[in-house]
Amino acid sequence: MSQPSFPGSAEAASAASADSPNDLTVQDDTRAVDIPRHRSGGRGPVAPMGGGGALPPKRRFGAESVFRWFTTGAGTIVLVIIVAIAIFLIVKAVPAIKADKANFLTHFEWFPNDPTDPKFGIASLAFGTVFSSAIALVLAVPVALGIALCLSHYAHKRLANGLGFLIDLLAAVPSIVFGLWGRDYLVDPVRQLSGWLHKYFGWIPLFGSDGPYGKSILLGSLVLAIMVLPIVTSLSREVFRQTPGMNEEAALALGATKWEMIRMAVIPYGRPGLIASVMLGLGRALGETIALALTLGGGWAVGSDIIHDGGNSIAANIANGFGEANDIGRGALIASGLVLFAITLIVNMIARAIVYRRREFIGSAV
Amino acid sequence: MAKRIEAVGVTAYYGAFKAIDGISMVIEPKSVTALIGPSGCGKSTFLRSINRMHEVLPGARVEGKLTIDSQDIYARDVDVTAVRRTIGMVFQRPNPFPTMSIYDNVVAGLRLGGVRRKSLLDDACEKALRAANLWNEVHTRLNRPGAGLSGGQQQRLCIARAIAVEPQVVLMDEPCSALDPISTLAIEDLISELKNQYTIIIVTHNMQQAARVSDRTAFFSIDKTGDPGRLIEYAETAKIFTNPSVKKTEDYITGRFG
Ligand SMILES: Nc1ncnc2c1ncn2[C@@H]1O[C@H](COP(=O)(O)OP(=O)(O)O)[C@@H](O)[C@H]1O
Ligand SMILES: [Mg+2]
């Protein structure tokens, strides 16, 4: 941190007085302040840059204050928009929840459009959302971190740049494309994989179902995993790249192999950034709409099984149901959106807590 | 616990650029050898060739022969991590691992070597910190972050980390250049103590420091920028500073050059 040097500070003043025509012999700050303003010429055309005379008065409409008003204004607008959205959503959601004949939090099924007997609950949808996202992360994160480490520390620079570009391209593919691809081309391989998993690993509850297979949480999570992969990869590659070279050298000089060096210096240093990148990936997975609307089988079943046809998520349910929803149905979907928002918020808070807990060890890294 | 190092015609490159050319010198065990010379003359490069840290940089390579107790450091079948465990290094800027506590920093090398027993690690940590004259200042807060110490303490922590694995040789690349005068004195005292046990090679741009701490001094120089650095003179420190035999050395130490 370099000390900001004000015009008139001892250093600047003495430097300036050496070649300034009016010999003020300014020696220290206190004396400089005492000099009457009218002798300064602080804003005059011949004033030396270092402030040969007294300290000039603060300018009232400089770029500084314009910028401050601009940033404050921008911040306020964002806040106003967020509050307005929140109010709108709550106003729409509350009547629907009031009309609900079942418990909104614990009911599994979603039939809000029945004119006489609307019954809907978020339980199964929320479960499906979190479950499919969790599975997607379990599939994507190890692969993403592996690719990122390879790109940042193992691959030749040219190759790394090329591969990195490909990964970034993958991030640019619209989710509808992933959804359609998953529904039309990935579903058969997943059906076969499901049968194989059940045959050999059927004792694990995840693979307990004996069919039918296909449009299942496994398919949805696989597509999600592919969509999350580029985000997590490119962010964590940046994180890995930021490791200070001197920490890597310290590890190597202690006799670490490359992999030991990565475990000693690179990964711990990047941990907060890695958590952030995984959380961003999770955020994308939780909010993903159309790809899941196309690949999940639907329904309200809740269970540990991921290969049986079915599965649903809040966002997919909104996409599938908004078109034919009546007033209450729409309010119900908005209420489910609020729940999704709450889930995302909680996830983010947990991530922050994890980062915060080790802050004194990673102050330089965040 | 100290070994003799012999360099014969050591030449090091960064890609196509030859940074040092044909350095030959013998470094005696349990002594302090200072490397001095104008900046860019290859002191760091030579130092990093000794523990094979030079080759870490892409495109960097070393030619010639370097032996430690007549064992070739660059031989095909030599494990580079073993070389680096035998020849420890302290860097110009203090570089404790920012995510580790003081304790974890000190024992990092031992853990790498597979030591897991808590009692062994505790003993080694205390021993290394005492040897680095840091124990009294930190023993009450061993699990606090190492990066929270002052610059001088961090550098002594790095010295403790380097000697915790009980190397034979300790290389120091301008270890005091980022420190205040008091911390510098503390490190110089430490170097004088450490030489009872270790072979020490220290790069310094401070000639008083070289004169204070070293037994022998090697003067490196370059003819002009872009030329490789060469060893100009290597002798007892007293001789280099009072009666150098090469004119260039005399010019440098009397401040007429560099
Ligand atoms: N990483 C590097 N890549 C390319 N050239 C380097 C690198 N490090 C040092 N050099 C060059 O090698 C020469 C010797 O550098 P160095 O050993 O750091 O000198 P000294 O430590 O004596 O100041 C210099 O010309 C320097 O520019
Ligand atoms: Mg250097």
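Rules behind the numbers
Residues numbered from 1 in each chain as written. Chains lettered and ligands numbered in written order. Predicted model: local features only at pLDDT ≥ 70, side-chain atom pairs only at ≥ 80, totals over all residues. Heavy atoms only, no water. Helix = DSSP H or I, 4+ residues; strand = E, 2+ residues; numbered from the N terminus. Contact = heavy atoms within 4.5 Å. Buried area = accessible area lost by both parts, 1.4 Å probe. Salt bridge = Lys/Arg side-chain N within 4 Å of Asp/Glu carboxyl O. Polar contact = N/O pair within 3.5 Å; in protein donor to acceptor, adjacent residues only side chain to side chain. Nonpolar A, V, L, I, M, F, W, Y, C, P; charged D, E, K, R; others polar. UniProt positions renumbered as here; feature names shortened; annotations may be inferred. 1 Å grid on protein atoms, 1.4 Å probe; cavity = no way out; pocket = protein on both sides within 12 Å on 5 of 7 lines; lining within 4 Å. Points joined across faces, edges and corners; volume = space filled by probe spheres on them. Core = buried A, V, L, I, M, F, W, Y, C linked by side-chain atoms within 4.5 Å. Buried < 20%, exposed > 50% of the residue type's maximum accessible area, 1.4 Å probe, protein only. Phe/Tyr/Trp six-rings, centres within 6.5 Å; stacked < 30°, edge-to-face > 60°. Lys NZ or Arg CZ within 6 Å of the ring centre and 35° of its normal. Near = heavy atom within 4 Å. Areas by Shrake-Rupley, 256 points an atom, 1.4 Å probe, with all protein chains shown as cover. Pairing = 2+ DSSP bridges. Axes fitted to C-alpha atoms, helices over the stretch in contact; angles between N-to-C directions.

## Topic: the environment of A:Gly311
All names here are of chain A.
Reasoning step 1: Secondary-structure assignment places glycine 311 in the loop between helix 10 (290-295) and helix 11 (314-321).
Reasoning step 2: When the C-alpha positions of glycine 311 and leucine 333 are compared, they lie 17 Å apart, and in sequence the two are 22 residues distant.
Reasoning step 3: Once residues within four sequence positions are removed from consideration, glycine 311 is found in contact with Ile217, Leu296, Gly297 and Gly298.

## Considering the interface of chain B and chain A
Reasoning step 1: With 26 residues of chain B at the interface, the matching set in chain A holds 21 residues.
Reasoning step 2: Note on chain B versus chain A: buried area summed over both sides is about 2000 Å², and carbon and sulfur give 65% of it.
Reasoning step 3: Of all residues in chain B, the largest losses of buried area upon contact with chain A belong to B:Phe97, B:Thr99 and B:Leu112, amounting jointly to 32% of the total for that side.
Reasoning step 4: Inspection of the region where chain B meets chain A yields 1 salt bridge.
Reasoning step 5: Of the charged contacts in the structure, one is a salt bridge between A:Glu249 and B:Arg48, with a shortest N-O distance of 2.7 Å.
Reasoning step 6: The interface formed by chain B and chain A contains 2 residue pairs in polar contact (both at pLDDT 80 or more).
Reasoning step 7: Among the secondary structure elements, those contributing two or more residues to the side of chain B that touches chain A are helix 2 (80-86), strand 6 (87-90) and helix 3 (102-112) of chain B.
Reasoning step 8: Tallied by class, the residues present in the side of chain B that touches chain A amount to 13 nonpolar, 7 polar and 6 charged.

## A word on the UniProt feature "transmembrane region" (unreviewed entry) in chain A
Residue and element names in this part refer to chain A.
Reasoning step 1: The sites that carry the UniProt feature "transmembrane region" (unreviewed entry) are, in the present numbering, residues 66-91, 120-151, 163-181, 217-236, 273-294 and 332-351.
Reasoning step 2: For residues 273-294, the helix share is 91%, the strand share is 0%, and the end-to-end C-alpha distance is 32 Å.
Reasoning step 3: Helix makes up 100% of residues 332-351 and strand 0%, and the two end C-alpha atoms of the span are 29 Å apart.

## Looking at the layout of surface pockets
Reasoning step 1: Considering only enclosed or pocket space, the largest pocket measures out at about 710 Å³ in volume.
Reasoning step 2: Considering the residues around the largest pocket, the lining is formed by 20 residues, among which A:Ser152, A:His153, A:Lys258, B:Val56 and B:Pro58 are closest to the centre.
Reasoning step 3: Of all the elements in the fold, those that place two or more residues in the lining of the largest pocket are helix 4 (123-154), helix 5 (157-172), helix 8 (245-253) and helix 9 (258-287) of chain A.
Reasoning step 4: Of the residues contributing to the lining of the largest pocket, the split by class is 9 nonpolar, 6 polar and 5 charged.

## Here's the deal with the nonpolar core
Residues and elements named next belong to chain A.
Reasoning step 1: Judged by nonpolar contacts, the single largest core of 57 residues is most densely connected at Phe104, Trp110, Ile122, Ile306, Ile314 and Ile343.
Reasoning step 2: Listing elements by their share of this core, those giving two or more residues are helix 3 (63-99), helix 4, helix 6 (175-201), helix 7 (217-241), helix 9, helix 10, helix 11 and helix 12 (327-357).
Reasoning step 3: A per-element tally of this core places helix 7 first, with 10 residues.
Reasoning step 4: With residues up to four places along the chain from it excluded, the contact list for phenylalanine 104 reads Ile97, Trp110, Phe120, Gly121, Ile122, Ala123, Ala335, Ser336 and Val339.

## Section: the packing of aromatic side chains
The description of two aromatic rings rests on the distance between their centres and on the angle between their planes.
Reasoning step 1: Scanning the model with the defined rule gives 10 aromatic pairs over all chains in all.
Reasoning step 2: Measuring from centroid to centroid gives 6.4 Å for A:Phe201 and A:Trp203, while their planes differ by 50°, and the two rings are tilted.
Reasoning step 3: Relative accessible area serves as the criterion here: at 31%, A:Phe201 is assigned to the partly exposed category.
Reasoning step 4: Note on A:Trp203: relative accessible area 68%, which makes it exposed.
Reasoning step 5: Site record: aromatic cluster; members linked through ring pairs are A:Trp196, A:Tyr200, A:Phe201 and A:Trp203.
Reasoning step 6: Here A:Lys258 stacks its cationic end above the ring of A:Tyr154, 5.0 Å away from the centre of that ring.
Reasoning step 7: If you follow B:Arg61 out to its NZ or CZ, it ends over the ring of B:Tyr13, 4.1 Å from the centre.

## Some points on the site of ligand 1
Residues and elements named next belong to chain B.
Reasoning step 1: In the vicinity of ligand 1, the contacting residues are Tyr14, Phe17, Ala19, Ser39, Gly40, Cys41, Gly42, Lys43, Ser44, Thr45 and Leu57.
Reasoning step 2: Note that an oxygen atom of ligand 1 is positioned 2.9 Å from one of the backbone N or O atoms of lysine 43.
Reasoning step 3: One of the side-chain nitrogen or oxygen atoms of serine 44 is found 2.6 Å away from an oxygen atom of ligand 1.
Reasoning step 4: When isolated, ligand 1 has an accessible area of 560 Å², and the protein chains bury 62% of it.
Reasoning step 5: Counting residues per element, the ones that place at least two in the shell around ligand 1 are strand 2 (17-27) and helix 1 (43-50).

## What to know about the sheet that holds strand 6 of chain B
Residue and element names in this part refer to chain B.
Reasoning step 1: The 6 strands are arranged 6-7-8-3-9-10 in an open sheet whose pairing can be described as mixed. Among the strands making up the open sheet, the edge pair consists of strand 6 and strand 10 (230-236). Ignoring which end each strand starts from, the neighbouring axes of this sheet average 20° apart.
Reasoning step 2: Strand direction decides the pairing type here: strand 3 (residues 32-36) and strand 8 (residues 199-203), joined by 4 bridges, are parallel. Paired with alanine 34 across the two strands is isoleucine 202, which belongs to strand 8.
Reasoning step 3: Seen against the sheet, helix 1 touches strand 3, strand 6, strand 7 (169-173), strand 8 and strand 9 (216-221) and runs at an angle of roughly 155° to strand 7.

## Digging into the sheet that holds strand 4 (residues 60-68) of chain B
All names here are of chain B.
Reasoning step 1: Strand order in the open sheet formed by 4 strands is 2-1-4-5, and the pairing between neighbours is antiparallel. The open sheet is flanked by strand 2 and strand 5 (71-72), the only strands paired with a single partner.
Reasoning step 2: As judged from the 7 bridges shared by strand 1 (residues 5-14) and strand 2, these two strands associate in the antiparallel manner. If you follow valine 10 over to strand 2, its bridge partner there is isoleucine 23.
Reasoning step 3: Packing of helix 1 onto the sheet brings it into contact with strand 1, strand 2 and strand 4, and relative to strand 1 it is tilted by some 120°.

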